[in-house]
Amino acid sequence: MQKVDTDRPVRIGIVGCGNVMDGAYMPAIRKLNLYQEVAEVTVACHTRRDRCAPILDKWGIMNFTDDYRELCQSSEVDLVLILASMPAHGAIVREALEAGKHVLVEKPLAVTLREAEDLVELAKNSPGHLVCAPFSILSPTYQTMWNR
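Just so we're clear, the structure is a prediction, and the values are computed from it rather than from any experiment.

Peer 1: So what's going on with the packing of aromatic side chains? Residues and values would help.
Peer 2: One pass over the structure, following the stated rule, counts zero aromatic pairs. Taking the ring centre of phenylalanine 64 as reference, the NZ or CZ of arginine 49 above it sits at 5.7 Å.

Structure below.
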């Protein structure tokens, strides 16, 4: 298991800079930092910067790449947050786990059951943790369904 440096914030690299990033994750990251800086976005990745420039500017994210592999390999990233299009999730998760990063991926983890199984197995031997779609699992709607 990867040792967490508690003297500095968790450095997050975000892959996919659209509505989910802007409407859900960035407000949550801001809330995490209200009383103590525990998380910071160090780099963002999208297919085209011009498509997400207003969101990047809004949240003050300066570092950008259009290559998720570069983000996953960055020494400035501890956790890869995957908000990209669904067909890309599996490849990005694999790259991040193989780079030893923690991974938080929106649903789905992968587009086939076989790929998802392979990623779960990979995560068992990775120094990073793999977490899938916490907003879905922790949402009031999901919790209500679970408790019925």
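Peer 1: Account for the nonpolar core, with residues named and values stated.
Peer 2: Inside soluble globular proteins, nonpolar side chains tend to come together where they are buried. Counting 20 residues, the largest nonpolar core has Val15, Leu71, Val80, Ile82, Ile92, Val93 and Val103 as the members making the most contacts within it. Looking at this core, the elements that each hand over two or more residues are β2 (39–45), α3 (68–73), β4 (79–82), α4 (89–98), β5 (102–105) and α5 (113–124). At four residues, the largest contribution of residues to this core is made by α4. In contact with valine 93, other than residues within four places in its own chain, are Ile82, Val103, Val105, Leu109, Leu119 and Leu130.

Peer 1: Could you give an account of the packing of helix α1 (residues 19–32) against helix α2 (residues 49–59), naming the residues involved and the relevant values?
Peer 2: It is the contact of α1 with α2, at a shortest axis distance of 12 Å, that shows an interaxial angle of 15°. Here α1 is positioned roughly parallel relative to α2, judged by the angle of their axes. In this structure, α1 crosses over α2, and the sense of that crossing is right-handed. Each of Met21, Asp22, Met26, Pro27 and Arg30 in α1 lies in contact with α2, whose residues at this interface are Ile55, Leu56, Lys58 and Trp59.

Peer 1: Run through the environment of glutamate 98, naming residues and quoting values.
Peer 2: Inspection of the secondary structure assignment puts glutamate 98 in helix α4. Among the residues examined, glutamate 98 registers a relative accessible area of 52% and is labelled exposed.

Peer 1: Summarise the sheet that holds β2; cite the residues concerned and give the values.
Peer 2: Taken in spatial order, the six strands of this open sheet run β3-β2-β1-β4-β5-β6, and their pairing is parallel. The outermost strands of the open sheet, each flanked by one partner alone, are β3 (64–65) and β6 (130–132). Sitting on the sheet, α1 touches β1 (10–15), β2, β4 and β5, and the angle it makes with β2 is about 150°.

Peer 1: Which residues make up α4, and what values do they have?
Peer 2: Because each turn of an α-helix spans 3.6 residues, side chains separated by three or four positions end up pointing in the same direction. Here α4 lies mainly inside the structure; seven of its ten residues are buried. All of the buried residues along α4 are His89, Gly90, Ile92, Val93, Glu95, Ala96 and Leu97. Summarising the contacts, the buried residues of α4 are in contact with β1, α3, β4, β5, α5 and β6. One or two positions beyond α4, positive phi appears at glycine 100, with a value near 80°.

Peer 1: Would you mind going over the side chain of glutamate 95 in detail, with residue names and values included?
Peer 2: Here glutamate 95 lies in helix α4. One buried charged residue, glutamate 95, remains without a salt bridge, the closest side chain of opposite sign being arginine 69 at 4.6 Å. Contacts of glutamate 95, omitting those with residues within four sequence positions, involve Tyr68, Arg69, Cys72 and Gln73.

Criteria and cut-off values
Residues numbered from 1 in each chain as written. Predicted model: local features only at pLDDT ≥ 70, side-chain atom pairs only at ≥ 80, totals over all residues. Heavy atoms only, no water. Phe/Tyr/Trp six-rings, centres within 6.5 Å; stacked < 30°, edge-to-face > 60°. Lys NZ or Arg CZ within 6 Å of the ring centre and 35° of its normal. Core = buried A, V, L, I, M, F, W, Y, C linked by side-chain atoms within 4.5 Å. Buried < 20%, exposed > 50% of the residue type's maximum accessible area, 1.4 Å probe, protein only. Helix = DSSP H or I, 4+ residues; strand = E, 2+ residues; numbered from the N terminus. Contact = heavy atoms within 4.5 Å. Axes fitted to C-alpha atoms, helices over the stretch in contact; angles between N-to-C directions. Parallel < 35°, antiparallel > 145°, perpendicular 65-115°, else oblique. Left-handed = near helix turned anticlockwise from the far one by under 90°. Pairing = 2+ DSSP bridges. Lys, Arg positive; Asp, Glu negative; His and termini not counted. Salt bridge = Lys/Arg side-chain N within 4 Å of Asp/Glu carboxyl O.

That is the geometry; function is a separate question.
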